[in-house]
Each structure stands twice: as C-alpha cells, then as structure tokens.
Amino acid sequence: MTETMWKCDQVRAGRLYNRMMFDTKEEAVQFAQRMQQMEPDQMFSIEAIEAKQVWN
C-alpha cells in the first residue's frame, strides 16, 4: 500500500453522492471519466490524501 491515496467525490445537486478511494491518480481519473460519460449531471473532484487519514 502506498502512503498516498486518491479520493474521488461524486457530487450531485450540491450533495455528496458517492466517495471512492483509489491507489493511484490514474485510476481515479479513469473512474471519473467513465462516470462522467454515464451521468453527465454529476461533478467530480479528485484529491490526494495521506493513507493514514483513511486507515487507523
């Protein structure tokens, strides 16, 4: 496991709809691109976070 993880938040109508965690930025970007094609009314944000913020 890496020390950095990538958080991808899906937002619809100003509310958090879904949050996914990925090991690499590329995985997060690919996921967001696929979801954007299927559900264009959602906004996506991708952010790097430290793994220790996710796992205790």
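Reading the values: rules and limits
Residues numbered from 1 in each chain as written. Predicted model: local features only at pLDDT ≥ 70, side-chain atom pairs only at ≥ 80, totals over all residues. Heavy atoms only, no water. Helix = DSSP H or I, 4+ residues; strand = E, 2+ residues; numbered from the N terminus. Polar contact = N/O pair within 3.5 Å; in protein donor to acceptor, adjacent residues only side chain to side chain. Contact = heavy atoms within 4.5 Å. Salt bridge = Lys/Arg side-chain N within 4 Å of Asp/Glu carboxyl O. Buried < 20%, exposed > 50% of the residue type's maximum accessible area, 1.4 Å probe, protein only. Phe/Tyr/Trp six-rings, centres within 6.5 Å; stacked < 30°, edge-to-face > 60°. Lys NZ or Arg CZ within 6 Å of the ring centre and 35° of its normal.

> What's the story with the side chain of Gln42 in this structure? I'm lost.
Mapping Gln42 onto the fold places it in the loop between helix 1 (25-38) and strand 3 (43-50). Engagement of the side chain of Gln42 in a polar contact is seen with the side chain of Glu39, the distance being 2.5 Å. The residues touching Gln42, leaving out its near neighbours within four places in the chain, are Gln10, Val11, Arg12, Tyr17 and Gln36.

> So what exactly am I meant to see when it comes to the pattern of salt bridges here?
Where side chains of opposite charge bring their charged atoms close, a pairing between them can arise. One pass over the structure, following the stated rule, counts four salt bridges. Asp9 is paired through a salt bridge with Arg19; the nearest N and O atoms lie 2.6 Å apart. Here Arg19 lies in strand 2 (residues 15-22) and Asp9 lies in strand 1 (residues 4-12), a separation of 10 residues in the sequence. With relative accessibility at 10%, the residue Asp9 sits in the buried group. In this structure Arg19 comes out as partly exposed when scored by relative accessible area, which is 43%. A salt bridge links Asp41 to Arg12, with the shortest nitrogen-to-oxygen separation between them at 3.4 Å.

> Quick question: what am I supposed to make of the packing of aromatic side chains here?
What characterises a pair of aromatic rings is the spacing of the ring centres plus the angle enclosed by the ring planes. Under the counting rule described, the total for this entry stands at one aromatic pair. With 5.3 Å between their ring centres and 45° between their planes, Phe22 and Phe31 make a pair best called tilted. Neither Phe22 nor Phe31 differs from the other in exposure class; each is buried. In this arrangement the basic side chain of Arg12 is found over the ring face of Tyr17, its NZ or CZ atom lying 4.4 Å from the centre.

> What am I meant to see in the side chain of Gln10 here?
Within the fold, Gln10 resides in strand 1. Polar contacts involving the side chain of Gln10 include one to the side chain of Gln42, which spans 2.6 Å.

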